[in-house]
Every structure is written in C-alpha cells, then in structure tokens.
Amino acid sequence: MARIRGRHAARRAVTTAAGHRRRGGLRSARYRRGLGGTAVAAVVMAALTASQAPGMELAGDGGADRPGSAGDRTPGDDDYATELPPLESPHPPGTSEPGGSEDTSGIPASVLAAYQKAARSLASRTPGCGLRWELLAGIGKVESGHARGGAVDEDGTTLRPILGPVLNGKGFAHIRDTDGGRWDSDTTYDRAVGPLQFIPSTWDRWGADGNGDGRKDPNNIQDAALAAGAYLCADGRDLSSGAGLDRAVLSYNNSSDYLRTVLAWFEYYRKGTHAVPDRDLSVLPTTPGVGESGGGSSPGAGRGGTDPADDRPGKPNGPGRPNGPGKPDKPGNPGEPGGGGKPGDGDDGGGKPTPEPTGPHAIERVGAGKFTAVAGEDFAGHPVVRVETAKGKGVKGVEVRFEVRGATEAAFGGGARSATVTTDAQGNATAPALGAGSRTGAFTVRATVPGKKLGSVDFAASVTAPRADTLARTSDVALEADRGGKFAQVVEVKATRKGKAVANTTLTASFGDDAEEAGPYFGKDEQGTPVRRLADLKTGADGVVELPELFAGDRPGSYTLTLTAEGGATVQVKVVVKG
C-alpha cells in the first residue's frame, strides 16, 4: 500500500482446503496476521506462482535482500485482502457458470474505467514507465475489492468512506495524525483512506485530480487511480521489467506476501476481464477487516467458528442456507462494522442501498485562503468554509467556530478572538467582519466544527502598515527665489490615507531632468556637488515631512519638484527661479 511502506513482522501462515475447487481451479485460503493454519505445501505455491505470474521474479520476505528492492523497513500494515485468483484463466463474458457470483474476473464498470483512464494518462506523462491498468486493478482488488464492488457515485467518489485500521502501533504501524483528521476523521492517529488506501501524508504529496473537478480526493477512484499510478512510476521505474515491477509493488507495501497477491491478480486480469455493473457483490474482498470504515477487525479475527478456507464469495452461511448472488451477510457476520469480515458493500443489511449520507463529513475552504488588511482598518474579505456530507453536499445548520490565532490585535466585533456561525442552506459559513487592529504582522484564522472530528481549515491573514493615498503641501504660498539665492519658504507636505494622517511613511523628492545642471537643489554633498534628489524622507506622527533648505541655482526658470510616497501617492510642487 502507498499508505505504509514496511515489512511484515513475520511470515504469514497460509491455510488451504484440499479438494475445494471453483470451476476446476484450486482456491488458496485467506490469511492474515494471527490467523492460524497449516503451511502451504511448496508444490502448491510453486504451481500458483508459475501459473499466475510467469517469468516474474518474486521477492523474498519484504524483498529487502534483493538488489533494488524497496528499502524502507518500517513496520508494515497487514490489513489487505489476501484471497488469490483461480489458477485457471478467467471465463469470458457470457460463459461463466450459473449463478454469476463466481465471476471474479469482472471489474465494476466505473472502477475499471478509472484504472484504464489513469494508465492512458500516465502513458503520455511517463512514457518510460510502462504502467498497465491491470496492475492498478490488482492493487485495487487487494486494497478495497475495487471500491467495495464499485460502490461509488457518478463522479467516482465512494458512497461510504473506506478507512483502514487506526495506525496506533497495535498490530499495525504507528503513525500520528498528519492531516488534522481531514481525510480519516481521526485527529490522534492516521488511517489509510479510500479505494487505494493512501495514508494522508502520502496523499498530501502524491494526490492527483483524475476527474478534473478541481479537487484531489483520495476517496475518489479516478483521483486515487491516477495518484497510485504516478506513485508506482516514481523514481524512473520501468514496470515492463520484472525487477522494476517488483520494486513498484513493494514500494506500495514492502511485503513478499503482498507482492505475490498483487502480481497474481495482475496476471489474472491480463488474461482477460470485463466490466460488470457497479456494486456487484461478487468482486468484494473476503479478508477480515479490509477497508472497513469502522477500522477493520483486530489481528487474527475471522468468521467465528468457521474454517477460514471456506470463507469465499458465494459460500453458504450455513447448511441449506445459501446467500444467493449479491445477498449481503446477516448482521454480526463479516461485512458488518466490527464483525471482522469483508468490508461493507454499501447495503444496509437488508439488500437495500444505504441511504445517502446527510451528516457532516468534511469541512472545506470556499474561495480565497489569504487575506490582507491595512492596520487600523477592517479586512475587506471574509473567510468562508463549507460543511459537506460524504458525497460533497452542503449541510445546513452546523455550527462553525472561527478563531483568531497568533500574535495580533486583529479581532471580530467587540474585540472577540473567536466567533461561531451556523451554516446556511448551501452548507456555507461566513466569518464575521474582522478588524485588523494597529499591529502589523501575520496570523491565522482557523475554522472548525466543535464536537466533530472533521479537521480544520486555516486562512492566512496579514496586517500591513498603512500607505498614503494622498500627498499635499501644507501651504499654498508660491515658492520663488532669485537666481543664486535661497528660497525663504520651506517645502512641507502631509501624507494621508482616507483623510487620516499616515505616520512614519517613506517619501522621495526629486527635480526633473531640466534641473540637472543648474536648477534648484537641496544643498551640496561632501564633494560639493548639488543634491537634487532626496530619499528615505519619513513623515512624523502627524503625517507631515519637512524638506531641507532649497537653493535657487544659477539658471532662471520654472521647475517641478515631485514628491512620491511609499505606495505611489504623489504631489508636484512648482518652484520658480527669477532672473
């Protein structure tokens, strides 16, 4: 999995039920850390690898001892489907045995299209990678049973969240929260998310927009497939070679068991597959705990009291009581949250589709994420967030808390550092007007939903020093002097913004080119050269700046003195030298 790259703590025990055949092909039993059983005979595994992945080198434990294999040795996450495909080639459409539930070669139409689209896109972006869509299908089968059998909406987003176990170090990796609960609704630890099971921090780097909606959502099969493909092709890998293919899969989950399982399905799909209707229960994974929104089962959990080798799609629940094609298990059996079985299939346990989610699932930013205001004024814009359901629809009536964080004098009305707003009919909550205060600097406005683990949305805000929008002389007395003399009137200007004095703002003063040789000047420098340009003039607390003494020069005429304030405000002053 792209979510946690690591080795398994120990080799899994694999059980088989000799003589159990489906359409003439030997089925391997499901296995998982802590699930006991007898060891597979070497000849069976040899037959399996020979028939499912011809010509491909399989890594040993984690592949860590093979040159070029994934080198990350952090603990691995064992929570993935380990059911292997039949040894025989898949049946083409229309030739499967009666019942339909045996057709493991079928892939839900929406999911299949996402795999193929991602592979086409990456073929042009990374032509040397050689990624085949069947590899994405193999990983998708193992990670989530193809998004719970295609339980996605028309945009490709899963109808219910697919979350891996809580990564708290108890049987799985130990990863503290990296996304503030945005994707996995857990602000303490991370959990793998979506049909291809990305850890939030990995998604932050590799997330992609596969369906062109402007969002990168690990719960969307098109986004996830494109991101997974890019991840597999990273570091210049060539997936057309056995070694390159091994390295890519091991980078997703550094486990030899995982590698064998994915490659088995990869080869199986290469021999033939076809689209089946979305949410076909026959393609769901059957390993305990995979992709459960409730976090999966504890290590070693299985179907209570039954032989794990018999827990296959279409297997009867009891003597004389077959499920029938597509019928979900009873409450308490695998498939129910906490039941330790296969992931939920999108049904409510009675064969009816789960009602569309209506409760808050995520909080998202709407519009601008950065705001700037001038000290002493109000911010012109307002932070806006949207509270959404799992399907992206706005939720009305949810309280959202906006909080000013950081060293700043900015505040909401009455000097409050926080304010609570209720979402409107579209699920939007708009923060009240925010005053900048007199202190310059940066701070953050954070939006959260109190009592809900929806994460947070931060808005960057900054307060800048005021800049003058107007410069004007404080006197209207004409500036005149005789040639070679000195002006009696001192030049003085005032800087204001919206009519208020702007203190400590910077100005420049200069004469035009016509004064360069013999026109007016502001004294002389150490070398005796007339100074006709001044910089870094600062206004006082009253916004006024007084220029140095002004000398007439030797050439009679009319000259223009231009003063410019920081921010662009200017004023021109007429200066006359009489002959």
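Turning next to helix α5 (residues 221–232). Along its twelve residues, α5 runs 16 Å from first to last C-alpha, staying within 8% of the 16 Å computed at 1.5 Å per residue. The buried fraction of α5 amounts to eleven of the twelve residues, a majority that puts the element mostly inside the structure. Those residues of α5 that sit buried are I221, Q222, D223, A224, A225, L226, A227, A228, G229, Y231 and L232. In this structure, the buried residues of α5 make contact with α2 (109–125), α3 (133–150), α4 (200–206) and α6 (242–252).

Strand order in this open sheet of five strands is β8-β14-β13-β10-β11, and the pairing throughout is mixed. The open sheet is flanked by β8 (370–374) and β11 (418–422), the only strands paired with a single partner. Taken over all neighbouring pairs, the strand axes of this sheet differ in orientation by 25° on average, direction set aside.

Quick look at the packing of aromatic side chains now. With the rule as written, the count across this model stands at eleven aromatic pairs. Taken together, the ring pairs connect F198, W203, W206, Y231 and Y252 into an aromatic cluster. Over the face of the ring belonging to W265 we find K141, whose NZ or CZ atom lies 4.8 Å from the ring centre.

Checked against the element boundaries, G413 lands in the loop between β10 (399–405) and β11. In this structure G413 comes out as exposed when scored by relative accessible area, which is 60%.

It is worth spelling out the sheet that holds strand β23 (residues 570–578) at this point. In space, the five strands of this open sheet follow the order β16-β23-β22-β19-β20, with mixed pairing throughout. For this open sheet the edge positions go to β16 (479–482) and β20 (533–538), each flanked by a neighbour on one side alone. Taken over all neighbouring pairs, the strand axes of this sheet differ in orientation by 20° on average, direction set aside. Bridge count for strand β19 (residues 506–511) against strand β22 (residues 557–565) is five bridges, and the pairing is antiparallel. Bridge pairing in β22 links S510 to T562.

Let us look at the environment of G138. With respect to the helices and strands, G138 occurs in helix α3. Put simply, G138 and T261 are 123 residues apart on the chain and 8.2 Å apart in space, counted from C-alpha to C-alpha. With sequence-adjacent residues up to four places away left out, G138 is seen in contact with V262, W265, F266 and Y269.

Among the nonpolar cores identified, the biggest contains 48 residues, and Y115, L131, L135, L232 and Y252 are the most heavily contacted of them. Of all the elements in the fold, those that place two or more residues in this core are α2, α3, α5, α6 and α7 (256–270). Contact partners of Y115, with chain neighbours within four places excluded, come to I107, W133, L136, A137, G140, K141, H146, I221 and A225. Core analysis: the next-biggest nonpolar cluster, separate from the first, contains 29 residues, I363, V387, A436 and V457 among them.

In β10, alternate side chains face the same way, and those of V400, F402 and V404 are buried while those of E399, R401, E403 and R405 on the opposite face are not. Of the strand pairs in this sheet, β10 and β11 are connected by five bridges, and their pairing is antiparallel. If you follow R401 over to β11, its bridge partner there is T420. Where β10 meets strand β13 (residues 441–448), five bridges bridge the pair, whose relative direction is antiparallel. Note that in β13 the partner of R405 across the bridge is T444.

Procedures and definitions
- Residues numbered from 1 in each chain as written.
- Predicted model: local features only at pLDDT ≥ 70, side-chain atom pairs only at ≥ 80, totals over all residues.
- Heavy atoms only, no water.
- Helix = DSSP H or I, 4+ residues; strand = E, 2+ residues; numbered from the N terminus.
- Expected span 1.5 Å × (residues − 1).
- Buried < 20%, exposed > 50% of the residue type's maximum accessible area, 1.4 Å probe, protein only.
- Contact = heavy atoms within 4.5 Å.
- Pairing = 2+ DSSP bridges.
- Axes fitted to C-alpha atoms, helices over the stretch in contact; angles between N-to-C directions.
- Phe/Tyr/Trp six-rings, centres within 6.5 Å; stacked < 30°, edge-to-face > 60°.
- Lys NZ or Arg CZ within 6 Å of the ring centre and 35° of its normal.
- Core = buried A, V, L, I, M, F, W, Y, C linked by side-chain atoms within 4.5 Å.

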